[in-house]
Amino acid sequence: RSGGILDEAGIGVDSRGHGPMVICLDTSSSMAGDKEIWSKAVTLTFVEIARRQRRRCHVVCFADASALKEFELNPGNSWQVALEETLNLAEHFSGGGTDFMAPLDAAVEKISGRELRKADVVLITDGECAVDDEWREEFHLAKKRRNFSLYAILIDRGSVRGETVAGLADRISRI
């Protein structure tokens, strides 16, 4: 997202990694056990990074389309983490099927607002989900319009599928 921003010397400046974070955390049944522990450890690490860098952090936990639960981890103050909300996040587990479309749509809606504008979007999952082609195209258009990237963290324990994530994310890391 360098977007043509230049510093005083006329050198391009990359603004990625400096805005708010919206994390989409998979809490579907396939994430139970070790995957849940790893995914929440990664999420809480992002929360701590956001706190240290004085960045806002919002987490969208998801399973199927009806199981979205959102956590505003630093309401009002971009560097203070709400302890009770963080504990609620750590204890939350939806179970059920997996739908990437609803949480990613929620993330796009969040970054459309003023407080989370220019956010980095992170998807933490085992990748066990499919999306329809029409939605995928709309999501890519939204990424271009809102000028954001999707970073995916695949939790590589047991069963993992990366095909759908590969068609959505700009960068994928495995943990």
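Each residue is numbered by its place in its chain's sequence as written, counting from 1. Given that this is a predicted model, residues contribute local features only at a pLDDT of at least 70 and side-chain atom pairs are listed and counted only at 80 or more, while totals for whole chains, interfaces and linings are drawn from all residues. Processing note: side-chain calculations cover all non-hydrogen atoms of the structure and skip hydrogens and water entirely.

Where do I start with unusual backbone geometry in this structure?
A negative phi angle is the norm for most residues apart from glycine, just as the trans form is the norm for most peptide bonds. Phi is positive for Arg54, which is not a glycine, with a value near 55 degrees. Relative to the elements of secondary structure, Arg54 occurs in the loop between α1 (34-52) and β2 (57-62). What makes Arg54 exposed here is its relative accessible area of 53%. At Lys118, a residue that is not glycine, the phi angle is positive and equals roughly 65 degrees. Each helix is a run of H or I in the DSSP string that is no shorter than four residues. Each strand is a run of E no shorter than two, and both are numbered from the N terminus. A 1.4 Å probe rolled over the protein chains alone gives each residue an accessible area, and that area as a share of the maximum for its type sets the label: buried under 20%, exposed over 50%, partly exposed in between.

Honestly, the packing of aromatic side chains in this entry has me stumped. Any pointers?
The geometry of an aromatic ring pair is captured by the separation of the ring centres together with the interplanar angle, meaning the angle of the planes. In this scheme Phe, Tyr and Trp rings, the latter by its six-membered ring, pair at centre separations within 6.5 Å, and the angle between planes marks the pair as stacked below 30 degrees, edge-to-face above 60, and tilted otherwise. A full pass over the atoms with the stated rule returns 3 aromatic pairs. The interplanar angle of 15 degrees and the centroid separation of 5.1 Å between the aromatic rings of Trp135 and Phe139 together place this pair among those described as stacked. Placement of both Trp135 and Phe139 in helix α4 (residues 133-146) is noted, with a separation of 4 residues, approximately one turn of the helix. Exposure remark for Phe139: the relative accessible area of 3% places this residue in the buried category. Between Phe139 and Phe148, the aromatic rings sit 6.0 Å apart at their centres with planes inclined by 75 degrees, giving edge-to-face as the arrangement. Here the two residues Phe139 and Phe148 agree in accessibility, since each one is buried. Chaining the aromatic ring pairs together yields one cluster made of Trp135, Phe139 and Phe148.

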